[in-house]
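Topology and contacts: notes
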Amino acid sequence: MSAVAQPRRTRNSRLVRALTAVGTGAAVLALPLIGAADASAAPSTTTTAATTPAGYPNNLDGWIRESLAIMAEKHIPGTYNGIHRNIIRESSGNPKAINLWDSNAAKGIPSKGLLQVIDPTFNAYHVAGTSFDIYDPVANITAACNYAAARYGSIDNVFGAY
């Protein structure tokens, strides 16, 4: 067949085919997501818990709220804003933060966790019912707030290193 007699493909048809392929792929990708949102979907097998054992979100907001609930039971003063402000300053919200350069670290007792507590302070102000792990976010917040309440009246009164 000569070049003159061959049907000519336009660029539009190539574009249409590409868009159709992309659209079909997106639909295929979206289908499992739509099905997974259904209440009858199989349980998740991920190992990261979405909530704490107490049912709070397993994130900074949830840790602060869970700690505040414990603090209310134990009559430890403090507010969400006061805790959040100090956490952001001390650790930027990283529960595994550790300070290896300040004077405490030079003495061999580095500050650890969300509110950068040293081991002796954590142990002295540990709140019953929380973990004994200084890196546990709720235990760290609650012990630090207990210490701040004893020393400053409340975590809300702390505006710098403490």
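Our subject in this report is the structure included herewith. (Residues numbered from 1 in each chain as written. Predicted model: local features only at pLDDT ≥ 70, side-chain atom pairs only at ≥ 80, totals over all residues. Heavy atoms only, no water.)

Let's talk about helix α2 (residues 60-74)
For α2, with 15 residues, the first-to-last C-alpha span of 21 Å sits near the 21 Å given by 1.5 Å per residue. Its buried side turned inward, α2 meets α3 (80-91) and α6 (137-152). Phi for H75, located one or two positions after α2, is positive at around 60 degrees. (Helix = DSSP H or I, 4+ residues; strand = E, 2+ residues; numbered from the N terminus. Expected span 1.5 Å × (residues − 1). Contact = heavy atoms within 4.5 Å.)

Remarks on the packing of α2 against α6
Orientation of α2 relative to α6, taken along the N-to-C sense of each, is 50 degrees, at an axis distance of 9 Å. Classified by the angle between their axes, α2 and α6 sit oblique to one another. The chirality of how α2 crosses α6 is right-handed. When α2 is examined against α6, the residues W63, I64, E66, S67, I70 and M71 are found in contact with a partner set consisting of P137, V138, I141, T142 and C145. For the contact of α2 with α6, a count of residues per class yields 8 nonpolar, 2 polar and 1 charged. (Axes fitted to C-alpha atoms, helices over the stretch in contact; angles between N-to-C directions. Parallel < 35°, antiparallel > 145°, perpendicular 65-115°, else oblique. Left-handed = near helix turned anticlockwise from the far one by under 90°. Nonpolar A, V, L, I, M, F, W, Y, C, P; charged D, E, K, R; others polar.)

Concerning the packing of aromatic side chains
Evaluation of the coordinates by the stated rule reveals 3 aromatic pairs. Each member of the aromatic cluster is reached from another via a ring pair, and the members are Y125, Y147, Y152 and Y162. (Phe/Tyr/Trp six-rings, centres within 6.5 Å; stacked < 30°, edge-to-face > 60°.)

What to know about the environment of N94
Mapped onto the elements of the fold, N94 is located in the loop between α3 and α4 (103-106). A residue is classified by how much of its surface remains accessible, and N94, at 37% relative accessible area, is partly exposed. Sequence separation between N94 and P137 is 43 residues; the distance between their C-alpha atoms is 9.0 Å. Excluding anything up to four places from it in sequence, N94 contacts G113 and L114. (Buried < 20%, exposed > 50% of the residue type's maximum accessible area, 1.4 Å probe, protein only.)

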